[in-house]
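Below, each chain spelled out in residue letters.
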Amino acid sequence: MIFKAFSNRDDSVIGPPACPGAGRGQSRAASHLTTEPPRTAQDNGTICCRCRLSSAKTEFNKAPIRGSERGHYSPATGKAKGSGTPARCGAERPGHGGARPARAACLKLKPFNGCVDPGLRLRRELPAADALDTFVETTKLGVVISFILLKKSNSFSIFQDQAEQFFRSGHTNNWAVLVCTSRFWFNYRHVANTLSVYRSVKRLGIPDSHIVLMLADDMACNPRNPKPATVFSHKNMELNVYGDDVEVDYRSYEVTVENFLRVLTGRIPPSTPRSKRLLSDDRSNILIYMTGHGGNGFLKFQDSEEITNVELADAFEQMWQKRRYNELLFIIDTCQGASMYERFYSPNIMALASSQVGEDSLSHQPDLAIGVHLMDRYTFYVLEFLEEIHPASQTNMNDLFQVCPKSLCVSTPGHRTDLFQRDPQNVLITDFFGSVRKVEITTETVSLDSDLAGFESNLPKDELATEPLKYAEQLPVAQIIHQKPKQKDWHPPGGFILGLWALIIMVFFKTYGIKHMKHIF
Amino acid sequence: TESTSPDSNAFVFCVSVVEGLALLDLGVSPYSGAIFHETPLIIYLFHFLIEYAEFVFMITDVLTAVALYLAIQDFNKVVFKKQKFLIELDKYAPDVAELIQTPMEMHYIPLKVALFYLLNPYTVMSCVAKSTCAINNTVIAFFILATIKGSAFLSAVFLALATYQSLYPLTLFAPALLYLLQREFIPIKLKSKSFWLYTMQYTALYLCSLVVIICLSFFLLNSWDFIPSVYGFILSVPDLTPNIGLFWYFFAEMFEHFSLFFICVFQINVFFYTIPLAIKLKEHPVFFMFVQIAVISIFKSYPTVGDIALYMAFLPVWSHLYRFLRNIFILSCVLVVCSLLFPVLWHLWIYAGSANSNFYYAITLAFNIGQILLISDYFYAFLRREYYLTHGLHLTRQDGTEAMLVLK
């Protein structure tokens, strides 16, 4: 019940969280009463639990990037240290106005530590190791909700704001779809582009389970690679982006327009493994990076097919209608890349391209030892830019738009933000490139039995009487076990046999004469 | 690689008949899949013989050999009688004594024919691969036996069966008719009434038996969909799996636009040679039959080595032509080498991946050229012998110098 109440998004009771004391919290709560998901991200402001600046900061600085977690969909990896953004505490953010006694409020709220992981989607499975934390978090959540529901005390508003904070930030999980569409050795740079972005994205916290990496050709193990098992992105072989932990989800001939669109829209055959799926939801920020050869309105896949900007726009619209993203950042590094984002019409999409229509995106520099161009200019400078980003960076999108001016890039990079609800200045790079984890680990436990009892009794009865979910009867197991259908053998029809043998006998007698019949009878 | 090598293919037993019977057991028409292209009588035959498939094919091969033995025995008698008749009528030139066949040398020919068939490596391969071509060979052998024995009725029945199974023995109608007319001493003149009467009778027998067999097949499965599956398949060549024939490569490379035209051309190529051969070889229908069988096995849409085995079995019958064969050494080398190279290049193409279809098709082409050269060589030798028989061995031109016979 607790879960159900919590998950009712359109229930007017729960609004987006706000740092308590900020008067805006209330109004914002009101404004979100009628909104449809996904919420606009104007108010991803502070979360009170972020007030623990010092400890959280040191924690994440020491944190290693979590390795791949294949097979576990765990948006809330409670153990991913350092994926919080403590620096986002309201006092430091411009535009959120009003000093608020954030710290005081945090202290007041200490018993609960109202920081429940906003990424905690209670409907989904959680790793077993986090069960205790989960339970703790959910019970805290339940308490918060119960108080909100019952409206029993003055601190209701605080708790309401507390709970609203879950939904303050627009997104709760990050995904990345990185696509390299070219094959053949001389398109080395496209693979290097994609792997550089992969590297940055992984470094900033998105785990492999949330990255769909599609590489159309294998450069590291290409027989023409003089340095096998490496893909370099900088000359003099300074940076090997191929590493030991690169996980390619779609490789070689699996990178097709159809597979790409199926990944995006989620219309994949049930036999597809999880690593090949984009399991995003309406709280996901997705980064889509595509590179390859393109033209005015299309991008070439694998030398034999193309995806057009119309198809891409329609795919994004399907994603929007299925609520598969909260916000989407689309980056494309091809010739005439701006043509690919011209047709987008779904909300919450921001797009960047490396060149305008009519311009070619150029490659950066060849490496004489390897013999091919290693990177494209735009992605090279983007990579340089991203190398300076760390998970706590406050760098925003406007800085990304400035990357690679015409003097460096020869082509004019373009961007499109009209479909995006937030101001790009308020959009952090780590909103898309990193994986923001709003997790607070606590060692305190709270016992809630009395509160829970009171909470339970107030829920309407019909909510209690939901039938347990189960799978539809797919396999007629009983039938299979007890009742194997009998294999009926085919027999030729009697008329046929009769006719055939009559004919044979007739031929025999015609040949050898009727007189032979006397030998039979 | 017996069943995987393409030498005995599109009608290969293991895959297709088993599949057809399995589909029948599931209650589905066996022709609904794309693999099974056998006639319903084969379904009936193998329905209860499928466990003994190896024995069935061994028995069919033995039956073919026996039929050929008996046929050639009778044929030799006929040849000898005819020869005697012509000598008595003084149709032969005086100095051709060495060209005339003697009973001594003809004594072992039937045995040689049977052995040629049984011990031919192509026959063995075809038997091991359990190709239904063996059954086709049996039916054609019985047809030849019936024709040579002179029974028009049986010959028509077996010819109908052979045509029913694979479409091409239709062309054997002409040599059979010619042989039977010869046997009945009916002169082949267009104005002769008895000629037309006999022809009509034979045609009627043939067509009626064909119709009866087809209708009977209808009653096996209560549907007509065996007709497009069997005959449509043979005529329209949808399956371009590589085999030792000429069709697959062409139609794999061809544009759709032209494929109908070229299918017509290729199919006409099989049936086309009947008329000129009938005109030229009307006195020698059995040789005509031999050449026709060879032409069928070269130009049919899905040839297999079993077809080759059948006409090669006849070669001892014309061993007296040996002195006139010109290319026999090259031919035999080509045929042997190509037969050996078939599996090698198949392996290189499909398994090793270092060759491609062109290699395999080149060997196919060379093999078929070898076969065509073989047939044309025998044809030339036969005609040359006939010429020598009537005109004498030492040919002189009008001015007395020695002349050379050239086949134009």
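Parameters at a glance
- Residues numbered from 1 in each chain as written.
- Chains lettered and ligands numbered in written order.
- Predicted model: local features only at pLDDT ≥ 70, side-chain atom pairs only at ≥ 80, totals over all residues.
- Heavy atoms only, no water.
- UniProt positions renumbered as here; feature names shortened; annotations may be inferred.
- Helix = DSSP H or I, 4+ residues; strand = E, 2+ residues; numbered from the N terminus.
- Salt bridge = Lys/Arg side-chain N within 4 Å of Asp/Glu carboxyl O.
- Buried < 20%, exposed > 50% of the residue type's maximum accessible area, 1.4 Å probe, protein only.
- pLDDT = per-residue confidence, 0-100.
- Patch = residues over 30% accessible without salt bridge, like charges linked within 9 Å, V, L, I, M, F, W, Y side chains within 5 Å.
- Areas by Shrake-Rupley, 256 points an atom, 1.4 Å probe, with all protein chains shown as cover.
- Contact = heavy atoms within 4.5 Å.
- Buried area = accessible area lost by both parts, 1.4 Å probe.
- Polar contact = N/O pair within 3.5 Å; in protein donor to acceptor, adjacent residues only side chain to side chain.
- Nonpolar A, V, L, I, M, F, W, Y, C, P; charged D, E, K, R; others polar.
- Pairing = 2+ DSSP bridges.
- Phe/Tyr/Trp six-rings, centres within 6.5 Å; stacked < 30°, edge-to-face > 60°.
- Lys NZ or Arg CZ within 6 Å of the ring centre and 35° of its normal.

- An unreviewed UniProt entry lists chain B under the name Phosphatidylinositol glycan anchor biosynthesis class U, with Athene cunicularia as the source organism.
- A UniProt comment under Subcellular location (unreviewed entry) is attached to chain B, and it reads "Endoplasmic reticulum membrane".
- Quoted straight from UniProt, the Sequence similarities (unreviewed entry) entry for chain B says "Belongs to the PIGU family."

## Regarding the UniProt feature "transmembrane region" (unreviewed entry) in chain B
All names here are of chain B.
Right, so step 1: When the UniProt feature table is mapped onto this chain numbering, "transmembrane region" (unreviewed entry) sits at residues 41-72, 139-160, 166-182, 203-224, 230-251, 258-279, 324-346 and 358-380.
Right, so step 2: The annotated region residues 203-224 carries 86% helix and 0% strand content, and the separation between its end C-alpha atoms amounts to 24 Å.
Right, so step 3: End C-alpha to end C-alpha, residues 230-251 measures 19 Å, and it is 55% helix and 0% strand.

## A short note on the pattern of salt bridges
Residue and element names in this part refer to chain A.
Right, so step 1: Going through the model one piece at a time under the given rule, you end up with 16 salt bridges over all chains.
Right, so step 2: The residue Asp 208 makes a salt bridge to Lys 202 at a minimum N-O spacing of 2.7 Å. Here Asp 208 matches Lys 202 in class, with each residue buried.
Right, so step 3: A salt bridge links Lys 202 to Asp 245; its shortest N-O distance comes to 3.4 Å. Placement of the pair is Lys 202 in helix α7 (residues 188-203) and Asp 245 in the loop between β2 (211-215) and β3 (250-251), with a sequence separation of 43 residues.

## Brief notes about the confidence of the model for chain B
Right, so step 1: The predicted model of chain B has a mean per-residue pLDDT of 86, with 93% of residues at 70 or higher.
Right, so step 2: Model confidence for the complex is summarised by a pTM of 0.52, with the ipTM given as 0.74.

## Considerations on a nonpolar patch on the surface
All names here are of chain B.
Right, so step 1: On the surface, Val 62, Val 66, Leu 70, Tyr 108, Leu 111, Leu 115, Leu 118 and Leu 119 cluster together to form a nonpolar patch covering roughly 700 Å² of accessible area.
Right, so step 2: Those elements that place two or more of their residues in the nonpolar patch are α3 (53-88) and α5 (109-119).
Right, so step 3: Tallying contributions element by element places α5 first for the nonpolar patch, with four residues.
Right, so step 4: With respect to the helices, strands and loops of the structure, Leu 118 is situated in helix α5.

## Brief notes about the interface of chain A and chain B
Right, so step 1: Residue-level contacts link 16 residues of chain A with 16 residues of chain B.
Right, so step 2: Taking both sides of the interface into account, the surface hidden between chain A and chain B amounts to around 1500 Å²; carbon and sulfur atoms contribute 77%.
Right, so step 3: On inspection of chain A and its partner chain B, the count reaches zero salt bridges.
Right, so step 4: The tally of links from chain A across to chain B stands at one residue pair in polar contact (both at pLDDT 80 or more).
Right, so step 5: Taken together, the residues that form the side of chain A that touches chain B break down as nine nonpolar, four polar and three charged.

## Focus: the pairing of β2 of chain A
Residue and element names in this part refer to chain A.
Right, so step 1: The buried fraction of β2 is high, at five of five residues.
Right, so step 2: A two-sided burial pattern is seen for β2, the buried positions comprising Ile 211, Leu 213 and Leu 215 on one face and Val 212 and Met 214 on the other.
Right, so step 3: The sheet contact formed by strand β1 (residues 173-180) and β2 spans five bridges and is parallel. Across the sheet, Ala 176 pairs through a bridge with Ile 211, a residue of β2.

## Quick look at the packing of aromatic side chains
Right, so step 1: Applying the stated rule across the entire model yields 52 aromatic pairs over all chains.
Right, so step 2: Between Phe 287 of chain B and Phe 382 of chain B the ring centres are 4.0 Å apart and the planes differ by 5°, which places this aromatic pair in the stacked class. With Phe 287 of chain B in helix α15 (residues 285-299) and Phe 382 of chain B in helix α18 (residues 357-391), this pair connects stretches of sequence that are 95 residues apart.
Right, so step 3: For Phe 287 of chain B, a relative accessible area of 2% translates into the label buried.
Right, so step 4: The residue whose ring lies beneath Lys 510 of chain A is Phe 153 of chain B, and the NZ or CZ to ring-centre distance is 5.0 Å.
Right, so step 5: Above the face of the Tyr 380 of chain B ring, Arg 326 of chain B is positioned so that its terminal group lies 4.0 Å from the ring centre.

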